[in-house]
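A look at the structure
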Amino acid sequence: AQSVSQHNHHVILSEAASLELGCNYSYGGTVNLFWYVQYPGQHLQLLLKYFSGDPLVKGIKGFEAEFIKSKFSFNLRKPSVQWSDTAEYFCAVNPNTGFQKLVFGTGTRLLVSP
Amino acid sequence: NAGVMQNPRHLVRRRGQEARLRCSPMKGHSHVYWYRQLPEEGLKFMVYLQKENIIDESGMPKERFSAEFPKEGPSILRIQQVVRGDSAAYFCASSSPAQGHIQYFGAGTRLSVL
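Overview of the structure. Remember, predicted model here, so these are calculated numbers, not experimental data.

Helix and strand counts for chain A stand at 0 helices and 12 strands. Helices and strands in chain A line up, N terminus first, as β-β-β-β-β-β-β-β-β-β-β-β. The C-alpha radius of gyration of chain A comes to 14 Å, within 12% of the 13 Å expected for a compact globule of 114 residues. C-alpha atoms of chain A, sized along the principal axes, occupy 45 × 30 × 20 Å. Put simply, chain A has 114 residues, and 47% of those count as buried. Summarising the internal contacts of chain A: among those between residues at least 6 apart in sequence, 53% fall at separations of at least 24. For chain A, the exposed area adds up to about 5,500 Å²; of that, 54% sits on carbon and sulfur atoms. Charged side chains of chain A number 9 positive and 7 negative; the gap between the two group centres comes to 7 Å.

What follows deals with the layout of surface pockets. Taken as a whole, the largest pocket encloses approximately 560 Å³ of empty space. Together, 30 residues line the largest pocket, and Gln38(A), Glu88(A), Arg109(A), Gln37(B) and Arg110(B) are the ones closest to its centre. Listed by contribution, the elements that provide at least two residues to the lining of the largest pocket are strand 10 (87-94) and strand 12 (108-113) of chain A together with strand 9 (88-95) and strand 11 (109-113) of chain B. Counted by class, the lining of the largest pocket contains 11 nonpolar, 13 polar and 6 charged residues. Elements with a contribution of two residues or more to the lining of the second largest pocket: strand 6 (44-50) of chain A together with strand 1 (5-7) and strand 10 (104-105) of chain B. In terms of residue count, the dominant contributor to the lining of the second largest pocket is strand 6 of chain A (3 residues).

With that out of the way, let us pick up the pairing of strand 2 (residues 10-14) of chain A. Residue and element names in this part refer to chain A. Burial along strand 2 is one-sided: Val11 and Leu13 are buried, while His10, Ile12 and Ser14, pointing the other way, are not. Here 5 bridges tie strand 2 to strand 12, and the two strands are oriented parallel to one another. Its bridge partner lying in strand 12, Leu13 is registered against Val112.

Each partner contributes residues to the interface: chain B has 20 residues there, and chain A has 16 residues. Carbon and sulfur atoms make up 62% of the area that chain B and chain A hide from each other, which totals about 1,600 Å². For chain B, the biggest contributors to the area lost against chain A are Leu43(B), Ile102(B) and Phe105(B); these three give 30% of the whole. Remark: the boundary between chain B and chain A carries 0 salt bridges. Seen at the junction of chain B and chain A, the total is 3 residue pairs in polar contact (both at pLDDT 80 or more).

Procedures and definitions
Residues numbered from 1 in each chain as written. Chains lettered and ligands numbered in written order. Predicted model: local features only at pLDDT ≥ 70, side-chain atom pairs only at ≥ 80, totals over all residues. Heavy atoms only, no water. Helix = DSSP H or I, 4+ residues; strand = E, 2+ residues; numbered from the N terminus. Rg over C-alpha atoms; globule rule 2.2 N^0.38 Å. Buried < 20%, exposed > 50% of the residue type's maximum accessible area, 1.4 Å probe, protein only. Contact = heavy atoms within 4.5 Å. Areas by Shrake-Rupley, 256 points an atom, 1.4 Å probe, with all protein chains shown as cover. Lys, Arg positive; Asp, Glu negative; His and termini not counted. Charge placed at Lys NZ, Arg CZ, Asp CG, Glu CD. 1 Å grid on protein atoms, 1.4 Å probe; cavity = no way out; pocket = protein on both sides within 12 Å on 5 of 7 lines; lining within 4 Å. Points joined across faces, edges and corners; volume = space filled by probe spheres on them. Nonpolar A, V, L, I, M, F, W, Y, C, P; charged D, E, K, R; others polar. Pairing = 2+ DSSP bridges. Buried area = accessible area lost by both parts, 1.4 Å probe. Salt bridge = Lys/Arg side-chain N within 4 Å of Asp/Glu carboxyl O. Polar contact = N/O pair within 3.5 Å; in protein donor to acceptor, adjacent residues only side chain to side chain.

It is worth stressing that arrangement in space is one thing and function is another; only the former is reported here.
Following this line, the structure appears as structure tokens:
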């Protein structure tokens, strides 16, 4: 079945550690890709998006993601995490079927210890 | 510039009652989406609406669930005769063609069915 996979369900890091969260999707053809973050008790916020062009995308708060078409991946990275990055991170894909719905991964809970 | 507003934030219903969830899109947005998040799962698409039109309802359960987005007023997700399995967080998002249909999310409504 077509899907979005986030392999890391829970990640625990110390401050200043580097972060990489995996996201793989199984849709063929053109896709739009997103990472959203949900801080405790808050709404989902858009971190970054990829529609076309440079496969290395920079987002807010020092996050970046790389689209690797051959691997169907869109991994999220941050060189040095902070305690305030503690949140749940969702990868999402718009399969570009003509409709605008997003297909989400199951999310990754990141805990950054001070 | 107000974001996507959802109310209520928390809703408690007994089995068999009706639940009405409301969503006011961001100013200038005419497209609304509803997603459901079950415990330990990612967001699942339910329905996509424009003003007075349902564009894609492929994620809506066939019975008891309905959605509308009238010409005036908020979008409503209505669940009739709720059951315990309807307990979830329901998120609304809105978008605009002028912004590439990037979806901006509300804080969600947490529905608990007793």
